[in-house]
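Observations on the model geometry
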Number of protein chains: 2
Amino acid sequence: MGNKHAIGLIDSGVGGLTVLKEALKQLPNENLIYLGDTARCPYGPRPADQVIEFTRQMTQFLVQKNIKLLVIACNTATAVALDVIRQEVAIPVVGVILPGTRAAVKTTQNHQVAVIGTEGTIKSASYQKAIQSKMPNVKVYSLACPKFVSLVESNQFLSPVAKKVVAETLLPLQYSGMDTLILGCTHYPLLRPIIQNVVGSQVHLIDSGAETVGEVSVLLDYFEIANSIDNKTPNYEFYTTGSTKMFDEIANEWLDNISVKSKHVDLERD
Amino acid sequence: MGNKHAIGLIDSGVGGLTVLKEALKQLPNENLIYLGDTARCPYGPRPADQVIEFTRQMTQFLVQKNIKLLVIACNTATAVALDVIRQEVAIPVVGVILPGTRAAVKTTQNHQVAVIGTEGTIKSASYQKAIQSKMPNVKVYSLACPKFVSLVESNQFLSPVAKKVVAETLLPLQYSGMDTLILGCTHYPLLRPIIQNVVGSQVHLIDSGAETVGEVSVLLDYFEIANSIDNKTPNYEFYTTGSTKMFDEIANEWLDNISVKSKHVDLERD
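None of these values were measured; they are calculated from a predicted model. (Residues numbered from 1 in each chain as written. Chains lettered and ligands numbered in written order. Predicted model: local features only at pLDDT ≥ 70, side-chain atom pairs only at ≥ 80, totals over all residues. Heavy atoms only, no water.)

**Overview of helix α8 (residues 160-169) of chain A**
Residue and element names in this part refer to chain A.
- Of the positions making up α8, those classed as buried are A162, V165, V166 and T169. Buried residues of α8, viewed axially, fall in a sector of 100°; they line one side. Residues of α8 that are exposed and angled more than 90 degrees away from the buried face: P160 and K164. (Buried < 20%, exposed > 50% of the residue type's maximum accessible area, 1.4 Å probe, protein only. Helix = DSSP H or I, 4+ residues; strand = E, 2+ residues; numbered from the N terminus. Arc of directions from axis to C-beta.)

**Structural notes on the sheet that holds strand β6 (residues 139-144) of chain A**
Residue and element names in this part refer to chain A.
- Ordered by their spatial adjacency, 4 strands build an open sheet running β6-β5-β7-β8, and the pairing between neighbours is parallel. Of all strands in the sheet, those with a lone pairing partner are β6 and β8 (204-207), marking the two edges. Strand-to-strand twist across the sheet, computed as the mean angle between neighbouring axes with direction ignored, equals 20°.
- Pairing of strand β5 (residues 112-117) with β6 involves 6 bridges; the strand directions are parallel. Looking at the pairing, G117 lines up with A144 of β6. (Pairing = 2+ DSSP bridges. Axes fitted to C-alpha atoms, helices over the stretch in contact; angles between N-to-C directions.)

**Comments concerning the sheet that holds strand β5 (residues 112-117) of chain B**
Residue and element names in this part refer to chain B.
- What the 4 strands build is an open sheet, ordered β6-β5-β7-β8; its pairing is parallel. Every other strand in the sheet has two partners, leaving β6 (139-144) and β8 (204-207) as the edge strands with one partner each. Neighbour to neighbour, the strand axes of the sheet diverge by 20° on average, direction disregarded.
- As paired strands, β5 and strand β7 (residues 180-183) are joined by 4 bridges and run parallel to one another. Note that in β7 the partner of V115 across the bridge is I182.
- On top of the sheet, helix α6 (residues 126-134) reaches β5, β6 and β7; it is set at about 165° to β6, its chief contact.
- Here helix α9 (residues 192-199) sits on the sheet in contact with β5, β7 and β8, set at roughly 150° to β8. (Contact = heavy atoms within 4.5 Å.)

**As for the UniProt feature "binding site: substrate" (unreviewed entry) in chain A**
All names here are of chain A.
- With numbering matched to this structure, UniProt assigns "binding site: substrate" (unreviewed entry) to D11, S12, Y43, G44, N75, T76, T186 and H187. In terms of the greatest pairwise C-alpha distance, the residues named above, spread along 177 residues, form a tight cluster of at most 12.1 Å across.
- Within the secondary structure, D11 sits in strand β1 (residues 7-11).
- Given the relative accessible area of 0%, D11 is considered buried.
- Apart from the residues within four sequence positions on either side, D11 is in contact with G16, Y34, L35, G36, D37, M58, A73, C74, T186 and H187.
- A polar atom in the side chain of D11 sits 2.8 Å from the backbone nitrogen of G15.
- With respect to the helices and strands, the residue N75 is situated in helix α3 (residues 75-88).
- Residue classification places N75 among the buried positions, given a relative accessible area of 1%.
- Once residues within four sequence positions are removed from consideration, N75 is found in contact with V96, I97, T121, Y127, G184, C185 and T186. (UniProt positions renumbered as here; feature names shortened; annotations may be inferred. Polar contact = N/O pair within 3.5 Å; in protein donor to acceptor, adjacent residues only side chain to side chain.)

**A word on the domain arrangement of chain A**
Residues and elements named next belong to chain A.
- The domain boundaries assigned to chain A delineate domain 1 (7-95 + 210-264) and domain 2 (97-208).
- Inter-centroid distance (C-alpha atoms) of domain 1 to domain 2 is 21 Å.
- The partner domain 2 presents 27 residues to the 29 residues of domain 1 that form the contact.
- With both sides pooled, the region where domain 1 packs onto domain 2 buries about 2200 Å², and carbon together with sulfur makes up 55% of that total.
- Between the two partners, domain 1 and domain 2, sit 2 salt bridges. (Domains from an automatic or database assignment. Buried area = accessible area lost by both parts, 1.4 Å probe. Salt bridge = Lys/Arg side-chain N within 4 Å of Asp/Glu carboxyl O.)

**Section: the pattern of salt bridges**
- Evaluation of the coordinates by the stated rule reveals 28 salt bridges over all chains.
- When the shortest N-O distance is used, the salt bridge between A:E168 and A:K164 registers 3.2 Å. On the criterion of helical spacing, the pair formed by A:E168 and A:K164 is a turn pair, its members being 4 residues apart in helix α8.
- For A:E168, a relative accessible area of 46% translates into the label partly exposed.
- Note on A:K164: relative accessible area 54%, which makes it exposed.
- Where salt bridges share partners, they join A:R102, A:K134, A:E215 and B:D221 into one cluster.

**Regarding the UniProt feature "active site" (unreviewed entry) in chain A**
Residue and element names in this part refer to chain A.
- Within this structure's numbering, the places UniProt gives as "active site" (unreviewed entry) are C74 and C185. Judged by maximum C-alpha separation, these annotated positions cover 112 residues in sequence but sit close together in space, the widest gap being only 6.5 Å.
- In this view, C74 contacts I10, D11, S12, Y43, V96 and T186; residues no more than four positions away in its chain are not counted.
- Topologically, C185 is positioned in the loop between β7 (180-183) and α9 (192-199).
- Assessed through its relative accessible area of 5%, C185 is described here as buried.
- Beyond its immediate sequence surroundings of up to four residues, C185 is in contact with N75, I116, G117, T118 and V149.

**What about the packing of aromatic side chains?**
- Across all of its chains, the model carries 17 aromatic pairs over all chains by this definition.
- Residues B:F148 and B:Y188 carry aromatic rings whose centres are separated by 5.1 Å and whose planes lie at 65° to one another, so their mutual orientation is edge-to-face. Pair noted here: B:F148 is in helix α7 (residues 148-153) and B:Y188 is in the loop between β7 and α9, with a separation of 40 residues, a long-range link.
- Residue B:Y188 is classed as buried on the basis of its relative accessible area, which comes to 0%.
- Through successive ring pairs, a cluster of aromatic residues spans A:Y222, A:F223, B:Y222 and B:F223.
- Taking NZ or CZ as reference, A:K139 lies 5.0 Å from the ring centre of A:Y141, over its face. (Phe/Tyr/Trp six-rings, centres within 6.5 Å; stacked < 30°, edge-to-face > 60°. Lys NZ or Arg CZ within 6 Å of the ring centre and 35° of its normal.)

Have a look at this one:
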């Protein structure tokens, strides 16, 4: 039997696809619906009230599609909107910050952890607070990287420009002594090879995607809403508020196993 | 701040200590209360109604101590009583079967999985159903090992007798081709070296303790009931319905880092 309703994933743009990629791997029975608010990306520099409102609009769009669980696959939105959205909807809602925190706390050996994210995420200090509540003796270095999201959304994440921007932006972490670096934005795993090259192979990069989907897997069992296999291929739907062409290019480059053909949606129309 | 109420763990005897050992490692900030129903162990051969009633009594004892989350650290009780107990108490309740199942499904490469457990657990077919709902092409071999719990409870789990009993009991799995063996009873990890020796090093043994505590960690964050560090050593309490002397001997041999001095409790008195 099983619950055939989809799991919804939302992000300011294509970044949440890094979480969806893990869901394809870890939850092969589940139907998935993805919504990227590409037209209004980036969320990072926006005031918290606006991010909450946009997140609420995305949530409503997916709730109307009868999703059974929502993943806020965007760190900026998780930082400011997770608690609000949880109070407003009846389904379980999962963010990406606590899973990333759990992974970092498990990983660090020298208790020097750095977090990179958007201005909104870094300003919220969500990672710092979460890490220090779990392990107070960890030194947390926080750095906003305002240019990274645009590099990804414009499909330049493997370009020479990206290499230069990443190297310059991460300079302040050079002498931090970090052994663990949290990619505190779901767009950043697309820049992972470049980031790893800049910080050196001795630094563990934490991509909260895998850990977030692990949390989803636990909650599907806990709330008894997992789908079971019925020999049908699961259904995957993709929506973007921006250009479907650009979205599909990036999605099809990033997701090897499936073919993405997104639909356009206008969240401000309603 | 954080929620200082304890996490409760219950088992038919000392087996749940294998889950508690993982909790000490993964959740170093949490207060823990353990209750082993040693006087009425083993649960395996008992009718389901009786296991449900005993589990209910243990649960009530810990609920009166204001635990914030309950781990049914016993496969027999999880198999027959988890759904009932969840409906009866207001706190989150975690069992050991689904975590073990998730670990097994992630581990197996050749899709040949064996499960060993008590008569009650094997009769319930809980593992078989859970595994096949997640991965229908897995062949599941199930084997009841009625003598194993007594070997552990009598503190003979490293004895020559244990070696002989384990080798004889596991004979039917000899040609199964399993690459993954679920230790579907929380007592069995105490027999782990002997079991591994009998089945060979190429077989992955799944001890659901680590995965169960991972689930607890997710739920503490999800329900916002984790404790935070306040530089105090957490409090650990142990109760047994049987001999405190025997309980402490086994607990202190199994748990290296803490010193256990259990208290006796009579669940049938009330």
